[in-house]
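# A closer look at the structure
The chain contents come next:
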Amino acid sequence: MTLRSSFRIHFIIALLCIFITRYKPVYAQLPAITFEVISSKDGLPGNTVLSATRDHSGFMWFGTRQCVVRYDGATFQPYTSPETNFVTGVVADHENNVWISSDRNGICRIDAISLQMECSPKTQEPDIETTGFFFIDKNNNGWYSDREGVNRMDLKTRKTKHYAFRKTMYVWTKASFTEDTDGNLWVIGRDNGLFRYDPLKDTLYCVFGADSHDVAPQEPVLLSDARAGENGILWIGSYNMGLIRYDTHSNTYEHYSTGRIANQINALENGVDENGNAILWVGDNSGLGVFRPEQKRFYFFSDVLPNPYEVNAIVRDKQDGIVWACTSDGIIKYNPVSNVIRALWLPKGIVSFPVTVNVILADIEYPNIVYLGLSHTGIVQWNKVTNEFTLIRYPDGGDTRWITQRPDRTLWIGTNRWNYKRPGIFVYDPEEERFISTPLSEQANRYFSVPFFMYGLFDKHDRLWIGNSDEGIRILDFNTGKNATPWPDAMQHSLIQNNNLINDMLLDTDGTILLGTMQGIYRGDERAGNFVLAEPADIDDRIQDRSVNSLLLDKQKNVWAARWGSLTKTDRDGKISLVLTGEDGFVDRQIAGLAEDHAGNVWAGNYEGLYCYHATSRKLKRFTVNDGLINNNTMGRIYTSQDGKELYVGHQNGINIINVARILGPVENPVLGISSFKIHGKEHFVDFSKPIELAPDENAFSVDFIALNYRKHHDNEYAYYLEDFDKEWNYSGTNHQAYFTNLNPGTYILHMKTGDVLGNWSPEASSIRIEVMPAYYETLWFKLLIIATIIALLYAFYRYRINQIIRLQHVRNRISADLHDELGSSLSGISIMGTLARKELSQTHPSASFIERMVEETQQISSSLDDIVWNISPRNDALSSLIARMTRYASELFEAKQIHYNFAMPKHFEHIKLSMEQRRNFYLIFKESVNNLIKYSHCSNASVQVVVERKKLLMIIEDDGVGFNPEIPRDRNGLLNLKARAASLKGTLNILSDTGKGTKLRLEFPIG
């Protein structure tokens, strides 16, 4: 909760029991309790609250004048549509659906999962359909009242049966409902009377009031509310007869007046007091109170709110005992857990107020007797069992500074006498109940220039130590009464000079004295007769001021010092091992007053609260008036009981009593509620018992989770951990919201837990499963579909290429066949006819040379055509076919010219295939090179070498002929054609030759 008013309400009950014991008046007093007020400042739609319930998930629901609201201890969630005004009934059924009766729209139901509200008006005018005080009985029937009577509803079918009441002058909702311990349903019918429901006859029977069937009692009574007591008792509130006790077994009644003008009871609820005794919480038109059945008396709380207020309903949560009072000015909450700090007020009249309790000491023999040293008048003896107070008045007043008790039970009391009159040290004998004077006290009272005895104690040698801030210390031997101070006045003056006042003193375990001064901690050495600094000269930088206000020696023999701005711990070696400052939680710099409890926790006083350094968690916890302190100023007035299990804090006109184990104990595992689930900042209602599925664009969400124990906001701390996302728990302090963005698709489990500021965490974490769904393009089926599509496309492309290749091969086969069969045969025919014609002509015939040339050209064309046909045919794609043709072609030429030749071919090249273009260019380069060798080289030897290496094809043609100079330009295109074809192969062609030295041609190009 961001803003919260917290009021300390002092349950002051003026029970005055006067006993005469040695002429001392004895006062009886009941302890105070603390309330918390929640109003529109904290988020309520309006301050008029009419009804309340707690659902099975732990959320509180309140019916207000405006609408129904859900409350998680921090925020209110209003439900404004459909309209529901004057919500007098709100209750949760077995399935956790919330049912509402109001002044609009009949009966409404809020679904447990969707949290959506729907209404079921019975008339055509829902805006004026008034229902009230919805109640669910043990048989899961819903009951509610209207302006004519009451109704019973089947919650599943929503069918209703109406039970009409006799018409009266009362014109609003006619009744409320309750069940007794015997399981009977009772209808509290305003001015009609009290009715019992007979389920066998399905009728209502009036047993008390105007419509009673009995002759008596027939009282003119206006009833309001009722609660079941034990043994068939009904406690009934009325608007004109106070509280009525009705015995359902004997059909008898008696009523109790509230003692207030109106004598009315608007609301009732069962409860227990701080001692476990049964009480009734009651509310009327002026405030809240309790009724004690054993006393038959009412006690109303004053000062809860600044002005009188009307109590409309009271609900006590059975789970944790929290009482919620719905009033005309907000919600009044009483939480027993928040009252572990009890307030005990001095009875009025026992002493003149104001008075401050400076010193608190439990009796060494009777621990239930506690002495309260006052700032004036005397001390008060408090009996914890009877809660009785007795004033022990000083002979002549005094401001109590210390109390110590000797084994004989005598109390030695040191005071500051502001009137400068002695004595300042008193000795009180509890057995004789009187002050006594002893030689030692008489001697002690002579010291110091003014009777300011600020510090005092007895050591193990039975010596009395007394101290004054600016005059030093004195030691007196109890047996001899003589001064045993080992330090001369000059030595003490040198210690306290320059305003180095002594603020506290204590005895170490070895009997030496430790002094807390304005300049640090000093140890008194009795043998050497001097004082030495008991802490390092160069102290921690965090200690801004060495000045010591209070000292404490803990069970581990460490010395604690409450200073200005810090709390320090010094170990036995004189090393400061712990420094706590404002960075650790102190709100105010002035720290004074120290105590250690039974568990080794150290408590410190401060102007702005009470602080506890928790020994286990090593954390500093602060308590304030919001936790039950009478006042935040606790400086110098902190004490413990003999067993250290209770802490006492002195205040003006009273004290606080703290149960250490309860206030520091681990938090009972509270219900952890999820009050909000937002996606991109927009509220979504989901069923948290099932996995939450989020769309791909919903991967940014927040979860608001909170401990539904309704303790103060700073009492709870939170942690969360998103499995498969976070590496460890996120401890967020009092912040109870987890926010996540840009989550990848997947399944996550959000774990949540709550604890307190001392590190006590709930043993089991709550969790919800969240599934962020992938986008369609991130799903497995989509990826498989894409892969399948790619495979299909590749296969289709592969089949297309194969088909194209096959088609191309068919075309090549057809072209080669056509060229061979048609063009080839025609050329062969021409060649044959030319040869025959040449034979028929003489050598001198003018046409003989033409025919000869025609035959040669035809044979050359036929040879070229043969090369083309061979190149086009797919059967010759393999390199092996090409090399075979090359070998055959060159062999014929070399042998015809009688040239000695050598062929070096690769051994394994069956798998190598060349494209038609590669094959053509390669073969033509080879053919042109061999033809040039035959025509121009005039060589005797030639070699042809073909090598396949590293996906490259290398051809070398070499001869020992006449050679030539390749740099000399020539008018023939042979060399240019060779280089052009090599470039088409993306290869290189090199020719090495010189006149008279032969020629070497080297071709290299990439393959496959």
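Residues numbered from 1 in each chain as written. Predicted model: local features only at pLDDT ≥ 70, side-chain atom pairs only at ≥ 80, totals over all residues. Heavy atoms only, no water.

### Details of the packing of helix α7 (residues 916–937) against helix α8 (residues 974–984)
- Contact geometry of α7 with α8 gives a least axis separation of 9 Å together with a crossing angle of 155°. Of the possible angle classes, the one that applies to α7 and α8 is roughly antiparallel. Here α7 and α8 pass one another in a crossing that is left-handed. Residues R920, N921, L924, I925, E928 and S929 of α7 touch α8, and the partners they reach there are G974, L978, R981, A982 and S984.
- Counted by class, the contact of α7 with α8 contains four nonpolar, four polar and three charged residues. (Axes fitted to C-alpha atoms, helices over the stretch in contact; angles between N-to-C directions. Helix = DSSP H or I, 4+ residues; strand = E, 2+ residues; numbered from the N terminus. Parallel < 35°, antiparallel > 145°, perpendicular 65-115°, else oblique. Left-handed = near helix turned anticlockwise from the far one by under 90°. Contact = heavy atoms within 4.5 Å. Nonpolar A, V, L, I, M, F, W, Y, C, P; charged D, E, K, R; others polar.)

### A look at the side chain of N601
- Mapping N601 onto the fold places it in the loop between β51 (591–596) and β52 (602–606).
- Separated by 2.8 Å, the side chain of N601 and the backbone nitrogen of A615 make a polar contact.
- Setting aside residues up to four positions removed in sequence, N601 forms contacts with A595, E596, C612, Y613, H614, A615 and L664. (Polar contact = N/O pair within 3.5 Å; in protein donor to acceptor, adjacent residues only side chain to side chain.)

### Describing the packing of helix α6 (residues 879–896) against α7
- Contact geometry of α6 with α7 gives a least axis separation of 11 Å together with a crossing angle of 15°. Here α7 runs roughly parallel to α6, going by the angle between their axes. Where α6 crosses over α7, the two elements pack in a sense that is right-handed. Here L882, R885, M886, Y889, A890, L893 and F894 of α6 come into contact with α7, specifically with R919, F922, Y923, F926, K927, V930, N931, L933 and I934.
- Grouping the constituent residues of the contact of α6 with α7 by class yields 12 nonpolar, one polar and three charged.

### Topic: the pattern of salt bridges
- Inspection of every chain in the model, using the stated rule, returns 39 salt bridges.
- Close ionic contact of D273 with R292 constitutes a salt bridge, the shortest N to O distance being 2.7 Å. Placement of D273 in the loop between β24 (267–272) and β25 (278–283) and of R292 in strand β26 (residues 288–292) is noted, with a sequence separation of 19 residues between them. The burial state of D273 is the same as that of R292; both residues are buried. (Salt bridge = Lys/Arg side-chain N within 4 Å of Asp/Glu carboxyl O. Buried < 20%, exposed > 50% of the residue type's maximum accessible area, 1.4 Å probe, protein only.)

### Here we look at the UniProt feature "transmembrane region" (unreviewed entry) in the chain
- Within this numbering scheme, the UniProt entry marks residues 780–798 as carrying the feature "transmembrane region" (unreviewed entry).
- Secondary structure within residues 780–798 divides into 100% helix and 0% strand; the distance between the first and last C-alpha atoms comes to 26 Å. (UniProt positions renumbered as here; feature names shortened; annotations may be inferred.)

### Description of the environment of Y455
- Within the element layout of this structure, Y455 appears in strand β40 (residues 455–458).
- Linking Y455 and I403, residues 52 residues apart in sequence, is a C-alpha distance of 9.2 Å.
- Not counting chain neighbours up to four residues away, the residues in contact with Y455 comprise W402, W465, I466, G467, N468, S469, I502, N503, D504 and M505.
- Within the local environment of Y455, its side chain forms a polar contact with the backbone oxygen of N503, the two atoms lying 3.0 Å apart.

### As for the pairing of strand β35 (residues 388–393)
- Pairing of strand β34 (residues 378–383) with β35 involves six bridges; the strand directions are antiparallel. In the strand pairing of β35, Q381 is matched with T390.
- Adjacent in sequence and paired antiparallel, β34 and β35 are bridged by four residues, among which N387 carries a positive phi angle near 55°. (Pairing = 2+ DSSP bridges.)

### Considerations on helix α2 (residues 489–496)
- Of the residues making up α2, those classed as buried are Q492, L495 and I496. What you see down the axis of α2 is that its buried residues fit within an arc of 85°, all on one side.
- Tucked inside the fold, the buried residues of α2 contact β42 (472–477), β43 (502–507), β44 (513–517), β45 (520–525) and β46 (530–533).
- Directly after α2, the chain includes N498, whose backbone phi takes a positive value near 60°. (Arc of directions from axis to C-beta.)

### Details of the state of the cysteines
- Applying the stated criterion across every chain, the model contains one disulfide.
- Paired by a disulfide, C108 and C119 hold their sulfur atoms 2.0 Å apart. Here C108 and C119 share a disulfide; its torsion about the S-S bond, 95°, makes the bridge right-handed. Of this pair, C108 sits in strand β10 (residues 107–110) while C119 sits in strand β11 (residues 117–120), and the two are 11 residues apart along the sequence. (Disulfide = S-S within 2.5 Å.)

### Digging into the sheet that holds strand β17 (residues 185–189)
- In spatial order, the strands read β16-β17-β18-β19; together these four strands make up an open sheet with antiparallel pairing. Every other strand in the sheet has two partners, leaving β16 (175–179) and β19 (203–208) as the edge strands with one partner each. Averaged over all pairs of adjacent strands, the angle between their axes in this sheet comes to 30°, without regard to strand direction.
- As judged from the four bridges shared by β17 and strand β18 (residues 193–198), these two strands associate in the antiparallel manner. Each residue of the ladder has a partner; that of V187, found in β18, is F195.

### Regarding the packing of aromatic side chains
- Under the criterion given, the structure shown has 62 aromatic pairs.
- Measuring from ring centre to ring centre gives 6.3 Å for Y795 and Y798, while their planes differ by 35°; the resulting arrangement is tilted. Residue Y795 and its partner Y798 are both found in helix α4 (residues 780–840); the two are separated by three residues, about one turn of the helix.
- Each member of the aromatic cluster is reached from another via a ring pair, and the members are F677, F688, F701, F705, Y718, Y720, F725 and F740.
- Note that R260 overlies the ring of F300, its terminal NZ or CZ placed 3.8 Å from the centroid.
- The cationic tip of K753 hangs over the ring face of W729; the distance from NZ or CZ to the ring centre is 4.4 Å. (Phe/Tyr/Trp six-rings, centres within 6.5 Å; stacked < 30°, edge-to-face > 60°. Lys NZ or Arg CZ within 6 Å of the ring centre and 35° of its normal.)

### Details of the environment of W560
- Within the element layout of this structure, W560 appears in strand β48 (residues 559–563).
- In this structure, the C-alpha to C-alpha distance between W560 and A595, residues 35 residues apart in sequence, is 9.6 Å.
- Residues within four places of W560 in sequence aside, it is in contact with S550, L551, L552, D554, L567, T568, K569, L578, L594, V602 and Y613.
- Within polar-contact distance, the side chain of W560 engages the side chain of D554 at 2.8 Å.

### Describing the pairing of β45
- Bridging between β44 and β45 involves five bridges; their strand directions are antiparallel. Residue pairing across strands places I513 opposite G524, the latter belonging to β45.
- Counted between consecutive antiparallel strands, the loop separating β44 from β45 contains two residues.

### A closer look at the side chain of D284
- Within the element layout of this structure, D284 appears in the loop between β25 and β26.
- Here D284 is in contact with R260, Q264, N266, F300, Y309, E310 and V311, once residues within four sequence places are set aside.

### Structural notes on the environment of G585
- The topology assignment puts G585 in the loop between β50 (576–580) and β51.
- Distance in space between the C-alpha atoms of G585 and K621 is 7.4 Å, their sequence separation being 36 residues.
- Not counting the four nearest positions on each side in its chain, G585 is found in contact with Y611 and L620.

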